[in-house]
Amino acid sequence: MTPSSPRETLITTIAGLLDGVRHVAVGASSPIPAAGAMLLRAMSEVAGAPPVRISILGSVRHNFFTNGSVELFDCAGQGRIDAFFLSGGQIDGQGNVNLVGVGDYPQTKVRWPGSFGAAYLYFVVPRVILFREDHTPRIFVDKVDFISAPGTSPEGVYRSGGPYALLTGLGLFDFDAARPGFRLRSIHPGHDLTEITDATGFAFAHDAAPAATPPPDAATLALLRGRVLDELSETYPDFAAQLQRETSEDA
Amino acid sequence: MTPSSPRETLITTIAGLLDGVRHVAVGASSPIPAAGAMLLRAMSEVAGAPPVRISILGSVRHNFFTNGSVELFDCAGQGRIDAFFLSGGQIDGQGNVNLVGVGDYPQTKVRWPGSFGAAYLYFVVPRVILFREDHTPRIFVDKVDFISAPGTSPEGVYRSGGPYALLTGLGLFDFDAARPGFRLRSIHPGHDLTEITDATGFAFAHDAAPAATPPPDAATLALLRGRVLDELSETYPDFAAQLQRETSEDA
Amino acid sequence: MPATTDIPSLARLIEPGMQIALPVDYAGVSMAMTHALITHGAGNLDLVCVPTGGLQADMLIGAGLVRSVETSAMTLGEAGGAPCFNRAVKEGGIVLKDATCPAIHAGLTAAQKGAPFSAMRGLIGTDVLRHRPDWRVIDNPFGAGGDPVVLIPAIQPDVAIFHATMADRAGNVWIGRRRELATMAYAARRTIVTVERVVEDDLFETETMAAGTLPALYVDAIGIAPNGAWPYGLWGGYPADTAELSRYAAAARTTEGFAAYLADTGAAAS
Amino acid sequence: MPATTDIPSLARLIEPGMQIALPVDYAGVSMAMTHALITHGAGNLDLVCVPTGGLQADMLIGAGLVRSVETSAMTLGEAGGAPCFNRAVKEGGIVLKDATCPAIHAGLTAAQKGAPFSAMRGLIGTDVLRHRPDWRVIDNPFGAGGDPVVLIPAIQPDVAIFHATMADRAGNVWIGRRRELATMAYAARRTIVTVERVVEDDLFETETMAAGTLPALYVDAIGIAPNGAWPYGLWGGYPADTAELSRYAAAARTTEGFAAYLADTGAAAS
């Protein structure tokens, strides 16, 4: 077997972050989070652990909702969704997420699609994983230009959810709501602390010598390249093919 | 053909009260209102008038709702139900309806089923027809013991619906929301004003010599005893059989 | 969702003091659970009838298991009033939370949405509202002043119990167009369902069946109970046994008659 | 519901200044109506995307027919951002009412229920809320003080437009589990539906089909448009044509490219 690719490490890391969840929802165009969730489900099944439910929004095959697109939000409001993924055009050191644009709203210089369900889900899903593969100072800013969803809320504001971790192509951060702020948990293989510091526009806590993100072990890798890849290719055929190319013997 | 029965006159009167409605909802155990609505539908069809939609609550066959029992109320709130029937354990001269009980609530001496949807529908269905076949001073009281639904509302209270008429086994009353109060429109064949006055616990306006409620004409009666009876017997077999017995040649 | 559970074990999921949501008579009442609940005997129940109650609620009241009833009506339909309920009202034996149908739906919908309350029109000036100190009236914040609106707080029952046509092996339940059953399940913390049968086909296999399916996500336990709504009917399935409803109505007019009916049908049920 | 109507006539039901509700890309977008709407030319439209917008909204914006957009997002999915929308934002050419998905649903649900508003959690402290002066925040009247809750006013669109698999002769429309389409129809004053086909069977004939049916009561006009969601897919029907979406995304990067795409596909459509 070829060694694990960076994306396989991301997927494995996501599976770890999801450990213990019963129900995770994934956006329609989020193949890496979906792969992480599928890997967790496969691992749980192998281990005889309680089953993991995955809802892939917009997928006919992996969508077990029957009440239209409102059901995800209702379901989250009921406390039946344990984990969800959020990305962001900008994410700042307080865990605030901007999905709207750069510059002065409404006539932003750069316009992104919009806040989707973030302004709600960030409040009510206990384990929101911030995920953005690119890691640049333009994304990870000191202060977002528009708060689609705030990292924390003042006392007295109803909030049962929020940021749990931040995963990028360079490293994995935990979120500390009390401070509030991020703490670097581990650096992915092939990267170092200076690179992450340079690429991050906000200050974050870290050990003097942060740990390395562990790559998947052989059993996990086999599961990922076997069953999970098959499942993945049903919903994200292009991504699955790409993933396979990255790790094929001929690459 | 035998002459029309009192119930046939009631049914025909109801069809007249519904004239012009597009959508009427009827309770599951309200065969006379249902028959009136079915008669109106049949008459409209014969006359080439716009179709009349009837929703019979609780009926599988005559229920065109697909969103559970809330849909009736939603539909009414949207302004899509033009007419509805209400009965009452007590109905007073202000058009207030009591569906709960006699005496001091909650430990009422007599307890009726409860307010059902009346506390909402009476506010939002433009043409609510109060219908109670029995006509006694115990039912038609000066003041109800419990207001399940008020006949009128103060200015500033959102209200697009309310009482339109009161039909009993003795006569037909119009409701005047401005006064507020009832005015006797007509007396059913075989009854007179004294009888109605004696049987009514509230004061009502009336002409010196009130009109007689017209019985169905021959064409209407034929429709009622033919097609409408057939339709009726699908949902209210016992009532349809009874109605037929009342008017059969051998009776 | 685990494999199916026997009915007595389903009943044992109910603990004293729980708030229990039960559906309207024609929507799929799990009458199969009624005797099991009475045998199990967990009392002090707060019933929420969605939106009206009948035989099942009346029997639970007659058996002394009910502390309060939130309902828009309590009736045996053509068979008349609900005798044990009426007796309990007269004796002051239960707390009444008289409502109106859309208010019950509004409370459940708020819970479904994770919202603290729902707004609804109507109700202003009724004694229904006057006797519900747990409801609130505010001036419509979108209006120019005045315009009172009633707010109904979320109803989140501990358990919803109903009967449906079928479930699949994964625990998905086909409810067809009786979507109040879904609302109950969304709103409730746990949902117990009895079904006529368990099918081998996945209810999500076709979009046609999926359209009428309550996902297993909302279903905590399932029992098989053929004819399990009897003497009520099952929507799109079998009709109500009106003779039996009348038999109950007559019997339960007295406490003795109710006890005899219970002994009679309870023996038949077990 | 009358007999089916041709697509240009359906488009003529739209008047300038109307508020139009359109569904999310995967739920059944009546792309067949897009060219007809552009040809018809009724402008100053207020779009409500349920809960996000894509190709259809972008094309209407590109054609200059849109005054405002209420949406939780505007995107072509894998094909990238919505180019005409993005251009209009930069130029200040449209009024933005940025929302979040459940807020759009909450507004429609309020209209569905005839309620003036819906309450929802979340939103507090967001710039989404800060830029929505038409929303209100109140302290939860059921709380002990504090506990801010956002109220979303009812959204009652003038017209809802969507595409579905089939209708029957009575005008009932099968929507399966895409129940946001029902919500749109409940909430809107009028509803225009295009369908793949009209079937001879009554959709209420069986409970199985009835479960996924939007009653004709809510449907004002129906047109037949085979493949009418293209290049979007139809839920449970056909997949999206992602190549075509990418072709649009590339073309519409400039106003000239958009005009050329429009001329090109418009000619093909008519």
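Residues numbered from 1 in each chain as written. Chains lettered and ligands numbered in written order. Predicted model: local features only at pLDDT ≥ 70, side-chain atom pairs only at ≥ 80, totals over all residues. Heavy atoms only, no water.

A. Structural view of the domain arrangement of chain C. Residues and elements named next belong to chain C. Domain annotation of chain C identifies domain 1 (7–100 + 155–265) and domain 2 (117–153). Once you take the C-alpha centre of each, domain 1 and domain 2 turn out to be 30 Å apart. The interface is formed by 6 residues belonging to domain 1 together with 7 residues belonging to domain 2. When domain 1 packs against domain 2, close to 460 Å² is buried across both sides, 55% of that on carbon and sulfur atoms. (Domains from an automatic or database assignment. Contact = heavy atoms within 4.5 Å. Buried area = accessible area lost by both parts, 1.4 Å probe.)

B. Representation of the packing of aromatic side chains in the model. Taken as a whole and judged by the stated rule, the model has 24 aromatic pairs over all chains. Ring centres of A:F64 and C:F204 lie 5.1 Å apart, and the angle between their planes is 85°; this geometry places the pair in the edge-to-face category. Taken together, the residues span two chains, with A:F64 in the loop between strand 2 (53–56) and helix 3 (71–77) and C:F204 in the loop between strand 10 (190–199) and helix 8 (207–210). Owing to a relative accessible area of 30%, A:F64 belongs among the partly exposed residues under this scheme. Here C:F204 falls in the buried class, since its relative accessible area comes to 10%. (Phe/Tyr/Trp six-rings, centres within 6.5 Å; stacked < 30°, edge-to-face > 60°. Helix = DSSP H or I, 4+ residues; strand = E, 2+ residues; numbered from the N terminus. Buried < 20%, exposed > 50% of the residue type's maximum accessible area, 1.4 Å probe, protein only.)

C. The arrangement of the confidence of the model for chain C in detail. In this model, chain C carries a mean pLDDT of 96, and residues with pLDDT of at least 70 account for 98%. The ipTM for the predicted assembly is 0.96, set against a pTM of 0.97. (pLDDT = per-residue confidence, 0-100.)

D. Region of interest: the packing of helix 1 (residues 6–17) of chain A against helix 2 (residues 31–47) of chain A. All names here are of chain A. Two numbers describe how helix 1 lies on helix 2: the axes approach to 7 Å, and their chain directions differ by 60°. Classified by the interaxial angle, the pair formed by helix 1 and helix 2 is oblique. Relative to helix 2, the crossing made by helix 1 is right-handed. Side by side, helix 1 and helix 2 meet where R7, L10, I11, T12, I14 and A15 of the first sit next to I32, P33, A35, G36, A37, L39, L40 and M43 of the second. (Axes fitted to C-alpha atoms, helices over the stretch in contact; angles between N-to-C directions. Parallel < 35°, antiparallel > 145°, perpendicular 65-115°, else oblique. Left-handed = near helix turned anticlockwise from the far one by under 90°.)

E. Spatial organisation of the sheet that holds strand 10 (residues 163–168) of chain A. All names here are of chain A. The mixed open sheet is built from 8 strands, whose spatial order is 2-1-3-8-10-11-12-13. Taken across any chain shown, the strands that pair with only one partner, and hence form the sheet edges, are strand 2 and strand 13 (211–212). Note: strand 1 (residues 23–26) against strand 2, 4 bridges, orientation parallel. Each bridged residue has a counterpart across the sheet, and for V26 the counterpart in strand 2 is I56. Of the strands in this sheet, strand 3 (83–86), strand 8 (127–132), strand 10, strand 11 (171–176) and strand 12 (181–187) touch helix 1, which is tilted by about 170° from strand 10. (Pairing = 2+ DSSP bridges.)

F. A look at the interface of chain D and chain B. Each side of the interface is counted separately: chain D has 17 residues, and chain B has 16 residues. With both chains or domains summed, chain D and chain B bury close to 1400 Å², and 41% of this area falls on carbon and sulfur atoms. Summed over the shared surface of chain D and chain B, the number is 1 salt bridge. Taking the shortest distance from any N to any O, the salt bridge between B:D74 and D:K113 comes out at 3.0 Å. Broken down by secondary-structure element, the contributors of at least two residues to the side of chain D that touches chain B are helix 5 (101–112), helix 7 (180–187) and helix 8 (207–210) of chain D. (Salt bridge = Lys/Arg side-chain N within 4 Å of Asp/Glu carboxyl O.)

G. The arrangement of the pattern of salt bridges in detail. The full count for this structure, using the stated rule, is 49 salt bridges over all chains. For A:D134, the salt bridge identified is with A:R132, shortest N-O distance 3.3 Å. A relative accessible area of 43% means that A:D134 is categorised as partly exposed. Between B:R179 and B:D176 there is a salt bridge, with its nearest N and O atoms 3.8 Å apart. Assessed through its relative accessible area of 43%, B:R179 is described here as partly exposed. In this structure B:D176 comes out as partly exposed when scored by relative accessible area, which is 33%.

H. Representation of the interface of chain A and chain D. Tallying the contact residues gives 38 residues for chain A and 39 residues for chain D. Roughly 3100 Å² of surface becomes buried between chain A and chain D when both sides are summed, with 61% attributable to carbon and sulfur atoms. For the pair chain A and chain D, the interface holds 1 salt bridge. Its salt-bridge partner being D:D98, residue A:R111 comes within 2.8 Å of it at the nearest N-O pair. In this assembly, chain A and chain D are joined by 15 residue pairs in polar contact (both at pLDDT 80 or more). Here the element with the most residues in the side of chain A that touches chain D is helix 4 (residues 118–124) of chain A; it accounts for 4 residues. (Polar contact = N/O pair within 3.5 Å; in protein donor to acceptor, adjacent residues only side chain to side chain.)

I. Geometry of the sheet that holds strand 8 (residues 127–132) of chain B. Residue and element names in this part refer to chain B. Spatially, 2-1-3-8-10-11-12-13 is the arrangement adopted by the 8 strands of the open sheet, whose pairing is mixed. With partners counted over all chains shown, the strands left at the sheet margins are strand 2 (53–56) and strand 13 (211–212), one partner each. Where strand 10 (residues 163–168) lies against strand 11 (residues 171–176), 3 bridges are found, and the strand directions are antiparallel. When the bridges of strand 11 are listed, A165 appears paired with D174. Contacts between helix 2 (residues 31–47) and the sheet are confined to strand 1 (23–26), strand 2, strand 3 (83–86) and strand 8, with strand 2 contributing the most and set at about 160° to the helix.

J. Seen up close, helix 6 (residues 218–235) of chain B. Residue and element names in this part refer to chain B. For helix 6, spanning 18 residues, the distance from its first C-alpha to its last is 25 Å, which sits close to the expected 26 Å at 1.5 Å a residue. Of all the bends in helix 6, the largest measures some 45° and sits at L229. Within helix 6, the full set of buried residues consists of T220, L221, L223, L224, R225, V228, L229, E231 and L232. Here the buried face of helix 6 lies against helix 1 (6–17), helix 2 and helix 7 (237–247). (Expected span 1.5 Å × (residues − 1). Bend = angle between axes of the 7 residues up to and from the residue.)

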